[in-house]
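In case you want the letters, here they are:
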Amino acid sequence: MRSAFRSLEISDPRFETERLRLITVKSRAFSGRGDITLHVPEAEAPLPVAILLHGVHGSHWAWALKGGVHRTAARLVAEGAIPPMALAMPSDGLWGDGTGYIDRSEGDFERWIVEDVPRAVAEALGYPPARLFLCGLSMGGYGALRIGAKHGARFAGISAHSAITRLEELEDFVEESPRLAGGRMQDRCALRTILAHRATLPALRFDCGVEDPLIAGNRMLHRQLEAAGVAHDYAEFEGGHDWSYWEAHVADSLRFFGGISRERESCII
């Protein structure tokens, strides 16, 4: 099969550990190379794929090597809590401290996630995903909310942990001002994006730790969605803005996605 990319490098299975596959692909979205860590469980194809977006200062390896998400997924599958699914963990494009997963002068980092990552994952798996889910933490939570809402035809479910809800909140985490990103600011607000695409909005959940500095924004988004009559699940837990929280609660996202997968399968039957 001819690749859709000018260059695509995939790790040799002989040297992979814990079924973690590494991919480097040249993206037209930002005229450079992007990295993806892919966890592929032992299961029959085709599998659903959950795309997990990292936060500022991180990269494609963070969810696996700081949060152990592949081990969490394997445990949940073994317990029968979720069906098998592949986990795709892309870099954000690696511009500055964090791209915000948006279209900016340095590159279209939203397009990278929406178009290139699923195509690269399909080539690495050897088949198209059965369905796609989108999840993220902090900056990645912002990306999941915005991108998932805008592209509801692509994603069956959205989940966010400790999410930035407005682009301006990113200023507390990065050196480069997100206000210089350009584009329409109304397209940079999670609430406005969700409301603009509510007709095609996938199943949605998000959560935040009560000691997290972003808790006020998450609570406000929850109240605003309730007032607008937008269906969603929202939860608060003990914890702050750190990996101990995300390692514990990514399981909630995987269970959420697993429930959607099982509902779809039962409908097909």
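See the structure above.
K.L.:
A description of the layout of surface pockets should follow, citing residues and the corresponding values.
P.N.:
In this structure, the largest pocket spans a volume of roughly 190 Å³. Forming the boundary of the largest pocket are 14 residues, of which Gly 55, Val 56, Gly 58, Trp 243 and Trp 246 lie nearest the centre. Of the residues belonging to the lining of the largest pocket, the class tally is seven nonpolar, six polar and one charged. If you add up the space inside the second largest pocket, you get close to 150 Å³. It is helix 2 (residues 69-79) that provides the largest number of residues to the lining of the second largest pocket, a total of four residues. Of the residues that constitute the lining of the second largest pocket, the class distribution is six nonpolar, two polar and three charged.

K.L.:
Explain helix 2 to me, and be specific about the residues and the numbers.
P.N.:
Among all positions of helix 2, only Val 69, His 70, Thr 72, Ala 73 and Leu 76 are buried. Within helix 2, the buried residues cover an arc of 160° as seen down the axis, which keeps them to one side. Relative to its buried face, helix 2 has exposed residues pointing more than 90 degrees away, namely Arg 71, Ala 78 and Glu 79. Directly after helix 2, the chain includes Gly 80, whose backbone phi takes a positive value near 80°.

K.L.:
Before we move on, can you summarise the environment of Trp 63 with the specific residues and values?
P.N.:
Checked against the element boundaries, Trp 63 lands in helix 1 (residues 62-65). According to the relative accessible area criterion, Trp 63 is buried, its value standing at 1%. Note: C-alpha distance between Trp 63 and Arg 255 (192 residues apart in sequence) is 17 Å. In this view, Trp 63 contacts Leu 52, Leu 53, His 54, Gly 68, Val 69, Met 89, Gly 136, Leu 137, His 161, Trp 243, Trp 246 and Val 250; residues no more than four positions away in its chain are not counted. Of note is the side chain of Trp 63, whose polar atom sits 3.0 Å from the backbone oxygen of Leu 53.

What counts as what
Residues numbered from 1 in each chain as written. Predicted model: local features only at pLDDT ≥ 70, side-chain atom pairs only at ≥ 80, totals over all residues. Heavy atoms only, no water. 1 Å grid on protein atoms, 1.4 Å probe; cavity = no way out; pocket = protein on both sides within 12 Å on 5 of 7 lines; lining within 4 Å. Points joined across faces, edges and corners; volume = space filled by probe spheres on them. Nonpolar A, V, L, I, M, F, W, Y, C, P; charged D, E, K, R; others polar. Helix = DSSP H or I, 4+ residues; strand = E, 2+ residues; numbered from the N terminus. Buried < 20%, exposed > 50% of the residue type's maximum accessible area, 1.4 Å probe, protein only. Arc of directions from axis to C-beta. Contact = heavy atoms within 4.5 Å. Polar contact = N/O pair within 3.5 Å; in protein donor to acceptor, adjacent residues only side chain to side chain.

As far as function goes, none of this settles anything; it's purely spatial.
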